[in-house]
Amino acid sequence: MSVVALAALATGCEPGAAPGAQTAPRQTPATRPAAPSPARTEPVPAPSTAEPSTVPPRPSASAPAPAPTTARPVPEPSAAPPARVLMRTGSESDRVRELQARLRQIGHFGRNPTGYYGSVTADSVRSFQAKRGLTTTGSTDETTWKRLLAMTRTPTAEELRPPTERPLATPDKRCLTGRVLCVSKSSRTLAWMIDGRVVSAMDVRFGSEYTPTREGEFEVFWKSRDHVSTLYDTPMPYALFFSGGQAVHYSADFAANGYGGASHGCVNVRDKKKVAALFDQVKNGDKVVVFR
């Protein structure tokens, strides 16, 4: 616009000219330079040479303030992971045997240690956990094991590997003198005792309700190493007869099937080595006491 304005001034505003006047002859620039024009001109704004401002415009006082930033909630720490399980149903080891022995010390396991973690052991662990305010899972985790260790002592070799599956019963008073085969129906054990001292012990089973084993005090009257029953035609190795056809003897069925079966009245033993040794030690006339 400044250039256009200058061009307009240069072509239409000569000095001293008025409407209707004659035009003076043009002077040649070679002889005389043109004098500056005294005529009034409109002020021409100078072109701006300033650099554009880089400062952002200040926000208006009426503009809304930015919304405050909401802080994210700090997540709560997660719960502690469950204790690691050391033993559970189906486990079989020396540690299970120790677990059973320790539970028995404080009255939570009513049998002798076997080393196998079955339903009886799981129920015993569950009973221990409930009494101590622990989670009653029936499995032995680190927390349960540590609590049990703190409450019990290290089991002895005899506690870990007793001679019978179930604890021996308190002997009948008739078993405390002389040489006696002391047979307890309640504990299902036989203790070979001499003058009140237990020489050996073993698991036994008895007759069914239809052929019960007789109770009372008897004497061994006949020993038959390789006996076969004439009534039932079944082997009765290492038989020690004490009442009619009833005898203490080894039973292969008891060894294979446990307490799932019963005898015809005899006292069955499932440990063949133990009953063989017993057969060699017992004499005719030794006492046999069968009691509840």
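Computed from a predicted structure; not experimentally measured.

(A) Here's a closer look at the sheet that holds strand S7 (residues 222-228). Read across the open sheet, the nine strands follow the order S6-S11-S3-S4-S5-S10-S9-S8-S7; overall the sheet is mixed. Looking at the sheet topology across the chains shown, the edges are occupied by strand S6 (216-219) and S7. Between one strand axis and the next, the sheet turns through 30° on average, direction left out of account. Two strands pair when backbone bridges link them, and S6 and strand S11 (residues 287-291) are joined in this way by four bridges, in the antiparallel orientation. Bridging from a neighbouring strand, Glu-219 pairs with Lys-287 of S11.

(B) Quick peek at the packing of aromatic side chains. Here the structure, examined in full by the defined rule, presents five aromatic pairs. For the pair Phe-218 and Phe-242, a centre-to-centre distance of 5.4 Å together with 55° between the ring planes defines the contact as tilted. Taken together, the positions of Phe-218 in strand S6 and Phe-242 in strand S8 (residues 235-243) put the pair 24 residues apart, joining distant regions of the chain. Judged by its relative accessible area of 17%, Phe-218 falls in the buried class. Relative to Phe-279, the ring of Tyr-238 has its centre 5.9 Å away and its plane inclined at 65°; by these criteria the two rings are edge-to-face. Here Tyr-238, found in strand S8, pairs with Phe-279, found in helix H7 (residues 272-281); they are 41 residues apart in sequence, far enough to count as distant. Neither residue differs from the other here; Tyr-238 and Phe-279 are each classed as buried. Three or more aromatic residues joined by ring pairs make a cluster, and in this case those are Phe-221, Trp-222 and Phe-241. Positioned over the ring face of Tyr-259 is Arg-188, at 3.9 Å from the centre of the ring. Lying over the aromatic face of Phe-279, Lys-223 brings its terminal NZ or CZ to 4.7 Å of the ring centre.

Here is what the cut-offs are and how they apply
- Residues numbered from 1 in each chain as written.
- Predicted model: local features only at pLDDT ≥ 70, side-chain atom pairs only at ≥ 80, totals over all residues.
- Heavy atoms only, no water.
- Pairing = 2+ DSSP bridges.
- Helix = DSSP H or I, 4+ residues; strand = E, 2+ residues; numbered from the N terminus.
- Axes fitted to C-alpha atoms, helices over the stretch in contact; angles between N-to-C directions.
- Phe/Tyr/Trp six-rings, centres within 6.5 Å; stacked < 30°, edge-to-face > 60°.
- Buried < 20%, exposed > 50% of the residue type's maximum accessible area, 1.4 Å probe, protein only.
- Lys NZ or Arg CZ within 6 Å of the ring centre and 35° of its normal.

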